[in-house]
Amino acid sequence: RVPGETFSYSGGGFLVLEHLMNCLKVKIPFSFDPKNLATGYLDSGKKLPKGYLRFPLFAAGATGTVKDMAAFLSELTKAYNAIKGTTNLSHDTAVSILHGENFGSRDFIGADMGLGTFVFEAGDNRFCMHQGANEGFRALYLQCFSGPDLGFGIVVYANGDNKAVRLIAEVTKTILFD
């Protein structure tokens, strides 16, 4: 597809984000060391060999904890809201990442497309989010970067396949509504 014309999901947004981070020499809390790979599991219980699938680093090749991801999202939120940015991330970069447009992404995921993330509004709040899905792994992050719930976020990872989506949904529902 012609860039900037229509949306079709791919890891391309993450490649742009990775390039931005490398150009700006932003410190990130993730590892790209192949020795740190997690083990994925299919719904059948079959254990996938480490490194079963290889992806570009930001597209799905980084490893880190939910705490690491939450720290990154917090830094992104702070940089977005502070004109001077933060030590590790400029305000302009955060605004570029969190600026969303709809080139068909609303039909795909119900949100606009940012750089390496999806962006949507819920009442007076603006959120970034992504649902990660590769064989043997599922994930979700949700971060309020603007509005009355500024700073609220959820990061949930699971070493499972499609059945893990139900677990992530239940964990998220419990955090949001209980």
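Above this text sits the structure in question.
Computed from a predicted structure; not experimentally measured. (Residues numbered from 1 in each chain as written. Predicted model: local features only at pLDDT ≥ 70, side-chain atom pairs only at ≥ 80, totals over all residues. Heavy atoms only, no water.)

(A) Here's a closer look at helix α6 (residues 162-177). If you check α6, its first and last C-alpha atoms are 23 Å apart, about what 16 residues at 1.5 Å a residue would give, namely 22 Å. All of the buried residues in α6 are A164, I168 and T172. One side of α6 holds all its buried residues, which, seen down the axis, span an arc of 75°. In α6, those exposed residues whose orientation departs by more than 90 degrees from the buried face are R166 and F177. Each element contacted by the buried residues of α6 is listed here: β4 (137-146) and β5 (153-158). (Helix = DSSP H or I, 4+ residues; strand = E, 2+ residues; numbered from the N terminus. Expected span 1.5 Å × (residues − 1). Buried < 20%, exposed > 50% of the residue type's maximum accessible area, 1.4 Å probe, protein only. Arc of directions from axis to C-beta. Contact = heavy atoms within 4.5 Å.)

(B) Inspection of the pairing of β5 at higher detail. Relative to β5, β4 is paired through six bridges, and the arrangement is antiparallel. Along β5, the bridge assignment pairs Q143 with G153. In sequence, β4 turns back onto β5 through a hairpin of six residues, with G147 there showing a positive phi of about 120°. (Pairing = 2+ DSSP bridges.)

(C) Layout of the pattern of salt bridges. Under the criterion given, the structure shown has four salt bridges. Linking E121 and R126 is a salt bridge whose minimum nitrogen-to-oxygen distance equals 4.0 Å. Residue E121 is classed as exposed on the basis of its relative accessible area of 61%. We note a salt bridge from D161 to R138, for which the minimum N-O separation is 3.3 Å. Linking D161 in the loop between β5 and α6 with R138 in strand β4, this pair joins segments that are 23 residues apart in sequence. For the pair D161 and R138, one class covers both residues: buried. (Salt bridge = Lys/Arg side-chain N within 4 Å of Asp/Glu carboxyl O.)

(D) Structural detail: the environment of K35. Of note, K35 is situated in the loop between α1 (12-24) and α2 (57-61). Taking C-alpha positions, K35 is 9.2 Å from G51, a pair spaced 16 residues apart along the chain.

(E) Representation of the packing of aromatic side chains in the model. Scanning the entire structure with this criterion turns up three aromatic pairs. With a centroid separation of 6.3 Å and 40° between ring planes, the pair formed by F108 and F118 is classed as tilted. Of the two residues, F108 sits in helix α5 (residues 105-109) while F118 sits in strand β2 (residues 118-122), which places them ten residues apart along the sequence. Under the relative-accessibility criterion, F108 is labelled partly exposed at 47%. With relative accessibility at 3%, the residue F118 sits in the buried group. Look at F120 and F127: their rings are 5.4 Å apart centre to centre, the planes differ by 10°, and that puts the pair in the stacked class. F127 gets classed as buried once you look at its relative accessible area, which sits at 8%. (Phe/Tyr/Trp six-rings, centres within 6.5 Å; stacked < 30°, edge-to-face > 60°.)

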